[in-house]
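Residues per chain, in single letters:
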Amino acid sequence: MRVTALANAMNTTSDTVRYYTKIGFITPSKSPTNGYKNYGKSAQNRLKFILSARQLNFSVTEIKSILIESDKGHSACPLVREIIEHHLAETEKQFQAAFQLREKLRNAINDWQRKPDKAPTGHMICHLIEGEGQYEDSKGDDNE
């Protein structure tokens, strides 16, 4: 199977197939007569794994580590579990940060609806953002 056929079979792009070939994740055989790259069933299975891992937000570096373990004949499952647990913990942190930001935005909208519009002054661009008490943690950061 050539690059385009493999890409179509895996519902991806030819550039994706070429990229994973270039970095050594999948290896085609070369035709001795015309030099064309041909991908067998093992390359297709490997690409399927790579694409599935990418959908779970595994990085190229993480996938490389998994493939190395597998290529050594070792089970990659413990490593996969460790990586996915780390991803979940990071996603939870991001979710909590987004939730907190959402609450700040809601509070700002509620508060700012009652405040008048004001023209900028030499000391203030927008009183809604720069008004007293908006960002207590940023007071005194005049040196930036």
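Residues numbered from 1 in each chain as written. Predicted model: local features only at pLDDT ≥ 70, side-chain atom pairs only at ≥ 80, totals over all residues. Heavy atoms only, no water.

Colleague: Help me understand the overall build of the chain in this model?
Modeller: If you tally the helices and strands in the chain, you get six helices and two strands. Counting from the amino terminus, helix and strand elements in the chain follow one another as α-α-β-β-α-α-α-α. Whereas a compact globule of 144 residues would reach a radius of gyration of roughly 15 Å, the chain reaches 26 Å, over 25% beyond that. Every one of the 144 residues in the chain was classed for burial, and the buried ones make up 23%. If you take every contact in the chain between residues at least 6 apart in sequence, the share linking residues at least 24 apart comes to 38%. Carbon and sulfur atoms make up 52% of the accessible area of the chain, which amounts to about 11000 Å² in all. Side chains of the chain carry 20 positive and 18 negative charges; the gap between the two charge centres is 15 Å. (Helix = DSSP H or I, 4+ residues; strand = E, 2+ residues; numbered from the N terminus. Rg over C-alpha atoms; globule rule 2.2 N^0.38 Å. Buried < 20%, exposed > 50% of the residue type's maximum accessible area, 1.4 Å probe, protein only. Contact = heavy atoms within 4.5 Å. Areas by Shrake-Rupley, 256 points an atom, 1.4 Å probe, with all protein chains shown as cover. Lys, Arg positive; Asp, Glu negative; His and termini not counted. Charge placed at Lys NZ, Arg CZ, Asp CG, Glu CD.)

Colleague: I'm lost on the nonpolar core in this one. Help?
Modeller: In globular proteins that are soluble, nonpolar side chains generally tend to be buried together. Judged by nonpolar contacts, the single largest core of 20 residues is most densely connected at Val-17, Ile-26 and Leu-47. Looking at this core, the elements that each hand over two or more residues are α1 (3–9), α2 (14–22), α3 (41–55) and α4 (60–71). For this core, the element with the most residues is α3, which contributes five residues. If we ignore the near neighbours within four places in the chain, the residues touching Leu-47 are Leu-6, Met-10, Val-17, Tyr-20 and Ile-26. (Core = buried A, V, L, I, M, F, W, Y, C linked by side-chain atoms within 4.5 Å.)

Colleague: I tried to follow the packing of α4 against helix α5 (residues 77–112) on my own but got confused; where do I start?
Modeller: For any two helices packed against each other, the geometry comes down to the angle between their axes and how far apart the axes lie. Running from N to C, α4 and α5 cross one another at 165 degrees; their axes reach a closest spacing of 10 Å. Viewed along their axes, α4 and α5 adopt a mutual orientation that is roughly antiparallel. For the pair α4 and α5, the crossing hand works out as left-handed. Taken together, the residues of α5 that come into contact with α4 (itself represented by Glu-62, Ser-65, Ile-66 and Glu-69) are Leu-79, Val-80, Ile-83 and His-87. A breakdown of the residues in the contact of α4 with α5 according to their chemical character gives four nonpolar, two polar and two charged. (Axes fitted to C-alpha atoms, helices over the stretch in contact; angles between N-to-C directions. Parallel < 35°, antiparallel > 145°, perpendicular 65-115°, else oblique. Left-handed = near helix turned anticlockwise from the far one by under 90°. Nonpolar A, V, L, I, M, F, W, Y, C, P; charged D, E, K, R; others polar.)

Colleague: I tried to follow α5 on my own but got confused; where do I start?
Modeller: Since one α-helical turn is 3.6 residues long, residues separated by three or four positions face the same way. In this model, α5 (36 residues) spans 51 Å end to end at C-alpha, consistent with the 52 Å of a helix rising 1.5 Å per residue. Those residues of α5 not exposed but buried are Ile-83, His-87 and Ala-108. Where α5 is buried, its residues touch α4. (Expected span 1.5 Å × (residues − 1).)

Colleague: Mind showing me how you'd approach the environment of Lys-115 here?
Modeller: Topologically, Lys-115 is positioned in the loop between α5 and α6 (127–130). On the accessibility criterion, Lys-115 (30% relative accessible area) is partly exposed. Each C-alpha atom, one on Lys-115 and one on Leu-128, is 7.8 Å from the other, the two residues being 13 residues apart in sequence. In terms of polar contacts, Lys-115 uses its side chain to reach the side chain of Asp-111, at 3.3 Å. (Polar contact = N/O pair within 3.5 Å; in protein donor to acceptor, adjacent residues only side chain to side chain.)

Colleague: How should I be thinking about the environment of Gly-35 in this particular structure?
Modeller: When you line up the elements, Gly-35 lands in the loop between β1 (29–30) and β2 (37–38). When the C-alpha positions of Gly-35 and Leu-6 are compared, they lie 17 Å apart, and in sequence the two are 29 residues distant.

Colleague: Before we go on, may I ask you to explain the pattern of salt bridges in this structure?
Modeller: Once their charged atoms are close, side chains differing in charge can pair, the charge on each being opposite to the other. For the coordinates displayed, the defined rule picks out eight salt bridges. One salt bridge in this structure joins Glu-103 and Arg-102, with 3.8 Å as the shortest N-O distance. For Glu-103, a relative accessible area of 27% puts it in the partly exposed group. A relative accessible area of 39% places Arg-102 in the partly exposed class. For the salt bridge of Arg-114 with Asp-111, the shortest nitrogen-to-oxygen distance reads 3.3 Å. Judged by its relative accessible area of 23%, Asp-111 falls in the partly exposed class. (Salt bridge = Lys/Arg side-chain N within 4 Å of Asp/Glu carboxyl O.)

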